[in-house]
Amino acid sequence: MANLINGLHHVTALASNAQRNVDFYVGILGLRMVKKTVNFDAPDVYHLYYGDEVGSPGTILTFFPYAGLVRGRKGIGQLTYTAFSIPTVSLSYWMDRLTEFNIPFSGPHNRFNENYLRFEDYDGMGVELVATSSDNRPGWDNGKIPAEYAVRGFHTVSLNERNVDRTVALLTDPMQHTLVAEENGIFRFQAGEGGPGNFVDVVHSPQDVRALQGAGSVHHVAFSTDTDETQLEIREQLLSAGYQPTEVLDRQYFHSIYYREPGGILFEIATNPPGFAVDEALDALGTSLKLPEWYEPRRVKIEAALPELVL
């Protein structure tokens with residue numbers, strides 16, 4: 001059977017301050033702002049997209065920055081750490097860079113024979129940098145971080161669960177993931193051809209408290225599929241397995257369905273097309289505020305309510 005799910009598409013989280021969010025992910029981690037738009041359900045709030053140079057699926061981290069939002073709490077029923085892939089030779093570079101910007105970190109730690117650093121963004125969102133020699137995606141030279149040291153995209157997402165069995169059943173059956181490793185209560189699954197950007201770690205942590213959503217919390221994780229047709233195939237399989245995916249929703253840059261996994265984490269299946277160049281040239285990604293057509297008549301009012309951002 002052909003792979004319907006390729007791996008990770010994007011991760012969406014909450015923040016409390018738009019400019020500090022930009023400062024961290026563009027200024028420190030060196031990601032590219034690939035799209036500046038609004039929350040389609042609350043257009044007085046930005047929706048900021050960061051990724052690689054062209055906004056490839058598997059590199060996209062997005063945020064809804066609600067001014068003054070109270071910080072959330074990591075725990076059961078949450079994606080607790082979003083891990084990015086970096087070249088093995090860049091580990092010491094990143095340790096020095098985090099120190100330079102006064103970002104506390106722990107590590108290097110080792111998991112599944114790879115070293116990684118662990119830290120938090122300004123809102124407490126869990127971030128990791130995993131040093132690996134198996135990621136052939138190109139780095140982006142943003143003029144501050146050399147391409148040979150740059151973040152490549154996602155490596156892994158970690159899902160903290162009280163009971164792992166039903167989540168594992170969802171990943172392995174309708175979602176076509178394969179269990180490839182187990183270590184210290186962490187079960188690693190891969191989609192498609194595997195490798196960085198295609199890993200999901202299910203962490204058995206029954207002793208943890210229940211997560212609370214707020215600033216620094218992940219809202220949902222999206223998985224990549226090639227076309228509208230493959231998305232509908234997955235949707236049918238989810239329905240047959242007893243899940244309740246939404247109807248297909250148009251998110252301008254991809255089409256989406258959403259559903260809850262058994263532990264309560266919100267999953268999404270997102271199409272790769274049409275992509276972020278649908279309304280902006282590649283060399284201009286993220287440089288102007290893009291609105292869906294139904295909000296264009298309100299542009300002046302929307303822009304007036306949003307804070308200016310400095311990249």
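Quick caveat: nothing in here was measured; it's all calculated off a predicted structure. (Residues numbered from 1 in each chain as written. Predicted model: local features only at pLDDT ≥ 70, side-chain atom pairs only at ≥ 80, totals over all residues. Heavy atoms only, no water.)

## Topic: the sheet that holds strand E8 (residues 126-132)
Note on sheets: strands pair through backbone hydrogen bonds, and any given pair is parallel or antiparallel.
Part 1 of the argument: If you walk across this open sheet you meet the eight strands as E6-E7-E8-E5-E9-E12-E11-E10, and the pairing is mixed. Looking at which strands have only one partner, the edges of the open sheet turn out to be strand E6 (105-111) and strand E10 (178-183). With strand direction ignored, the average angle separating the axes of adjacent strands in the sheet is 25°. (Pairing = 2+ DSSP bridges. Helix = DSSP H or I, 4+ residues; strand = E, 2+ residues; numbered from the N terminus. Axes fitted to C-alpha atoms, helices over the stretch in contact; angles between N-to-C directions.)

## Focus: the pairing of strand E5 (residues 78-87)
Part 1 of the argument: Summarising burial for E5: 10 of the 10 residues are buried, a large majority.
Part 2 of the argument: Sheet analysis places E5 next to strand E9 (residues 153-161), joined by seven bridges and oriented antiparallel. Bridge pairing in E9 places Tyr81 opposite Ser158.
Part 3 of the argument: One ladder, built from seven bridges, connects E5 with E8; its direction is parallel. Looking at E8, one finds that Ser85 is bridged to Val130. (Buried < 20%, exposed > 50% of the residue type's maximum accessible area, 1.4 Å probe, protein only.)

## Here we look at the environment of Val26
Part 1 of the argument: Within the secondary structure layout, Val26 lies in helix H1 (residues 18-28).
Part 2 of the argument: We classify Val26 as buried; its relative accessible area is 13%.
Part 3 of the argument: As a C-alpha pair, Val26 and Lys301 span 275 residues in sequence and 27 Å in three-dimensional space.
Part 4 of the argument: Those residues in contact with Val26 that lie beyond four places of it in its chain are Leu31, Met33, Tyr50 and Asn142. (Contact = heavy atoms within 4.5 Å.)

## Concerning helix H2 (residues 91-100)
Part 1 of the argument: Within the sequence span of H2, burial applies to Leu91, Tyr93, Trp94, Arg97 and Leu98. Buried residues of H2 fall within an arc of 155° about the axis and therefore sit on the same side. Looking at H2, the residues exposed on the side facing more than 90 degrees away from the buried face are Asp96 and Glu100.
Part 2 of the argument: Positive backbone phi, approximately 60°, marks Asn102, located one or two places after H2. (Arc of directions from axis to C-beta.)

## Comments concerning the nonpolar core
Part 1 of the argument: Among the nonpolar cores identified, the biggest contains 67 residues, and Tyr25 and Phe267 are the most heavily contacted of them.
Part 2 of the argument: Here this core gets six residues from one element, more than from any other, and that element is H1.
Part 3 of the argument: Excluding residues within four positions of it along the chain, Phe267 makes contact with Leu159, Leu170, Leu171, Met175, Val221, Phe223, Ile257, Tyr258, Tyr259 and Glu261.
Part 4 of the argument: Judged by nonpolar contacts, the second largest core, of nine residues, contains Val34, Ile60, Tyr253 and Leu285. (Core = buried A, V, L, I, M, F, W, Y, C linked by side-chain atoms within 4.5 Å.)

## Re the packing of aromatic side chains
For any pair of aromatic rings, the description rests on two quantities: the centre-to-centre distance and the angle between the ring planes.
Part 1 of the argument: Using the criterion set out here, one finds 17 aromatic pairs in the structure.
Part 2 of the argument: Above the plane of the ring of Tyr116 lies Arg111, whose end atom (NZ or CZ) is 4.0 Å from the centre. (Phe/Tyr/Trp six-rings, centres within 6.5 Å; stacked < 30°, edge-to-face > 60°. Lys NZ or Arg CZ within 6 Å of the ring centre and 35° of its normal.)

## Topic: the pairing of E9
Part 1 of the argument: Among the nine residues in E9, nine count as buried, and that is most of the element.
Part 2 of the argument: Sheet topology places E9 next to strand E12 (residues 199-204); six bridges connect them, and they run parallel. Among the inter-strand pairings, Ser158 is bridged to a residue of E12, identified as Asp201.

## Here's the deal with helix H4 (residues 228-240)
Part 1 of the argument: Between the first and last C-alpha of H4 there are 19 Å, a value that for 13 residues agrees with the 18 Å anticipated at 1.5 Å per step.
Part 2 of the argument: Within the sequence span of H4, burial applies to Thr230, Gln231, Ile234, Arg235 and Leu238. Looking down the long axis of H4, one finds its buried residues gathered within 145° of arc, a one-sided arrangement. In H4, those exposed residues whose orientation departs by more than 90 degrees from the buried face are Glu229 and Ser240.
Part 3 of the argument: Contacts from the buried residues of H4 go to helix H3 (165-172), strand E13 (218-225), strand E15 (255-260) and strand E16 (266-271). (Expected span 1.5 Å × (residues − 1).)

## What about the side chain of Ser256?
Part 1 of the argument: Relative to the helices and strands, Ser256 is located in strand E15.
Part 2 of the argument: On the basis of relative accessible area, Ser256 is assigned to the buried category, the value being 0%.
Part 3 of the argument: A polar side-chain atom of Ser256 sits 2.4 Å from a polar atom in the side chain of Glu268. (Polar contact = N/O pair within 3.5 Å; in protein donor to acceptor, adjacent residues only side chain to side chain.)

## Focus: the pattern of salt bridges
Part 1 of the argument: Enumeration according to the criterion identifies 11 salt bridges in this entry.
Part 2 of the argument: Between Arg188 and Asp201 there is a salt bridge, with its nearest N and O atoms 2.7 Å apart. Of this pair, Arg188 sits in strand E11 (residues 186-190) while Asp201 is found in strand E12, placing the two residues 13 residues apart along the sequence.
Part 3 of the argument: The exposure class of Arg188 is buried, given its relative accessible area of 4%.
Part 4 of the argument: The exposure class assigned to Asp201 is buried, which follows from its relative accessible area of 1%.
Part 5 of the argument: A salt bridge links Arg299 to Glu303, with the nearest nitrogen and oxygen atoms 3.0 Å apart. Of this pair, Arg299 and Glu303 both sit in helix H5 (residues 299-305), four residues apart, which is roughly one turn of the helix.
Part 6 of the argument: A relative accessible area of 38% places Glu303 in the partly exposed class.
Part 7 of the argument: Residues joined in a network through salt bridges with shared partners are Arg111, Arg118, Glu128, Arg188 and Asp201. (Salt bridge = Lys/Arg side-chain N within 4 Å of Asp/Glu carboxyl O.)

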